[in-house]
Amino acid sequence: MSYKTKAAALVACMLAIGVASAPQNASAAAPAECDNNPQETAQVRPIELGVSGGNLNSLLFLKNGKPNGCYSGTLGSLVEDSEENEYILSNNHVLADQNKARPGQLIVQPGLADTDCLQGPNNAVATFSRKVKLKFDGSKNFVDAAIAAVNPEDVSPEILFVGGISSSVATPIIGMAVQKMGRTTCLTTGGIVQLDVHLKVNYSDTKKPKLAKFVDQITVTGSVSTPTFGAAGDSGSLIVTDDYCPQAVALLFAGSTSGLIIANPISTVLSKLDVSMVGTCTADASPAPAEVEAQSVGLSAQAVATAGAVRDRHEDALMKIPGAVGTGIGAGDQPGQTTIVIYVDKLTPQAQAAAPKEVEGTPVKLIESGEFSAF
């Protein structure tokens, strides 16, 4: 979600979900096309995706029932069901306001945070259809995802500044080069750094935490040209391979105060919603540049799975390290070596002293991540 402070007489947005106002031009070297933030403005219909949007009812309220702000996220990509009905794919917390939306509610472009919180039904490009329910009771979440049925002629399958994508999807690999188009940081590039990530994500719009436990996620960091891969308001962005005909890899939904981005593997998202990607180009059958780069890291799927199994057997103990907020599997210091990553809020001497150097022969590494929040 993107929470932006407003100076309107009747609406003053609050800071929420653990992040401040959505930053402008957060990436260091976004394309020149991004200079005037076209992704935050109203697009000519049919809209391209990767732009500002959300539920028409995306307002924040005080306890007395008065409106106190609004939010926007990113309308990520186009998907379809078995009957070829088309939908916009984004997050539950962008389209469904954390499980609250009802089928038929209007999905608008741009989102309310980019219209001074003014609700404009004429901005509708889709209607909310269904979501994967978010669980806040300590049970496992696999995705933060929802879809909205498109209005005919109002939505293009292309993603702004990315273009068409493949109907096929790519399996996340450590070291894979990726890109995304989002409402706040526009077009950015980066790489996958950890797989099989388990963590708790804060969804609160107050000081009181509202935590959801996620498993089997991926983490992404930015590139030299765009060190900030994502920021508040980019939730719902589709992460794709950095190829001439990109393949979907993951759905962005959260991040940390240190800049790590958290995303759902796209194959899980599509399975949970029973949809497939809408593609307009054909990916090369030969190994893509992203896959070649990933293979150079030397980590096999079996090595990652083996390290994940070791982590699982010791996760309870590892999460007792002071400040621990999550775990994942990354690349070790030696070629072909995996490591168990422990994300800690702060890299304190207490955390360093409590962390083992290795578990069952698998190295352990601490990473100062800060808090993970949905944005």
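Scanning the protein from terminus to terminus reveals five helices and 24 strands. Across the 375 residues in the protein, those meeting the buried criterion constitute 54%. Sequence-distant contacts in the protein: of pairs separated by 6 or more residues, those separated by 24 or more amount to 68%. As presented, the protein carries roughly 15300 Å² of accessible surface, and 52% of it is formed by carbon and sulfur atoms.

As a further point, take the packing of aromatic side chains. A complete count under the given rule lists four aromatic pairs for this structure. Taken together, a centroid distance of 5.5 Å and an interplanar angle of 80° make the contact between F136 and Y203 edge-to-face. You can see F136 sitting in the loop between β9 (124-131) and β10 (140-141) and its partner Y203 sitting in the loop between β14 (186-202) and β15 (211-222), a full 67 residues away along the chain. For Y203, a relative accessible area of 1% corresponds to the buried category.

So, about a positive patch on the surface. Together, K131, K133, K135 and K272 make up a positively charged patch on the protein surface. Mapping K135 onto the fold places it in the loop between β9 and β10.

Bringing the pattern of salt bridges into the picture now. Counted according to the given criterion, the structure contains five salt bridges. A salt bridge links D196 to R311; its shortest N-O distance comes to 2.8 Å. With D196 in strand β14 and R311 in helix α4 (residues 301-318), this pair connects stretches of sequence that are 115 residues apart. R311 gets classed as buried once you look at its relative accessible area, which sits at 0%.

With an omega of 0°, the peptide bond running from R45 to P46 counts as cis. Residues Q109 and P110 are joined by a peptide bond in cis, for which omega reads 0°. A positive phi angle, close to 65°, is found at F161, a residue other than glycine. Mapped onto the elements, F161 comes out in the loop between β12 (155-159) and β13 (177-182).

Quick look at the state of the cysteines now. Note: disulfide means a covalent bond formed between the sulfur atoms of two cysteine side chains. Taken as a whole, this structure holds three disulfides when the rule is applied. In this model, C70 is linked to C117 through a disulfide, with the two sulfur atoms separated by 2.1 Å. Disulfide C70-C117: torsion about the S-S bond near -75°, hence left-handed. One end of the pair, C70, is in strand β5 (residues 67-75); the other, C117, is in the loop between β8 (106-108) and β9, with 47 residues separating them in the sequence. As far as burial versus exposure is concerned, C70 and C117 are alike and both buried. There is a disulfide in this structure between C245 and C281, and the S-S distance comes to 2.0 Å. On the sign convention where negative is left-handed, the bridge of C245 and C281, at about 95° about the S-S bond, is right-handed. One end of the pair, C245, is in the loop between β16 (238-241) and β17 (248-256); the other, C281, is in the loop between β19 (276-277) and α3 (289-297), with 36 residues separating them in the sequence. Counting only the cysteines that take part in disulfides, in the order they occur along the protein, gives the pairing 1-4, 2-3, 5-6.

With that out of the way, let us pick up the confidence of the model for the protein. On average, the protein scores 89 in pLDDT, and the residues at 70 or more come to 88%. In the predicted structure, residues 3-28 sits below a pLDDT of 50 and forms 83 contacts with residues beyond four places in sequence or in another chain.

Our focus in this paragraph is the pairing of strand β18 (residues 261-265). Taking burial as the measure, the five residues of β18 include five buried ones, the bulk of the element. Both β15 and β18 contribute to a ladder of three bridges, which runs antiparallel. From the neighbouring strand, T219 faces β18, where its bridge partner is I262. The sheet contact formed by β17 and β18 spans five bridges and is antiparallel. By the bridge assignment for β18, A254 is matched with I262.

For the rest of this paragraph, the subject is helix α2 (residues 266-273). Every buried residue of α2 is accounted for by I266, V269, L270 and L273. Down the axis of α2, the sector holding all buried residues measures 95°, keeping them to one side. D274 sits one or two positions beyond α2 and adopts a positive phi of about 55°.

In this section: the environment of S77. Of note, S77 is situated in strand β6 (residues 77-80). Sequence spacing of S77 and S90 is 13 residues, and the spatial spacing of their C-alpha atoms is 7.3 Å. In this view, S77 contacts L49, Y87, I88, L89, I159, L238 and M277; residues no more than four positions away in its chain are not counted.

Definitions and limits used
Residue indices follow the written sequence of each chain, beginning from 1 at its first position. Given that the model is predicted, a residue must reach a pLDDT of at least 70 before its local features are reported, and side-chain atom pairs must reach 80 or more before they are shown or counted; all residues, however, enter totals for whole chains, interfaces and linings. To get the side-chain values, all heavy atoms of the structure are used, and hydrogens and water are removed first. A run of DSSP states H or I qualifies as a helix once it reaches four residues; a run of E qualifies as a strand once it reaches two. Both are numbered from the N-terminal end. Residue burial is assigned from relative accessible area. The probe radius is 1.4 Å, only protein chains are included, and a residue is buried under 20% of its type maximum, exposed over 50%, and partly exposed in between. We call two residues in contact whenever any of their non-hydrogen atoms come within 4.5 Å of each other. In these tables, accessible area is a Shrake-Rupley quantity obtained with a 1.4 Å probe, and a residue counts as shielded only by the protein chains included in the view. Under the pairing criterion, centres of Phe, Tyr and Trp rings, with the six-membered ring standing for Trp, must be within 6.5 Å; the plane angle then separates stacked pairs below 30 degrees from edge-to-face pairs above 60, leaving the rest tilted. Within this analysis, patches are made of residues with over 30% relative accessible area and no salt bridge. Like charges are joined at 9 Å or less; nonpolar side chains (Val, Leu, Ile, Met, Phe, Trp, Tyr) at 5 Å or less. Definition used for salt bridges: Asp or Glu carboxyl oxygen within 4 Å of a side-chain nitrogen of Lys or Arg. When charges are counted, neither His nor the chain ends are considered; positive counts come from Lys and Arg and negative counts from Asp and Glu. All charge positions are set by atom: Lys at NZ, Arg at CZ, Asp at CG, Glu at CD. To count as a disulfide, a pair of cysteine sulfur atoms needs to be within 2.5 Å. A score from 0 to 100, pLDDT tells how confident the predictor is in each residue. A pair of strands is treated as paired once DSSP finds two or more bridges between them. Along the arc lie the directions from the helix axis toward the C-beta atoms.

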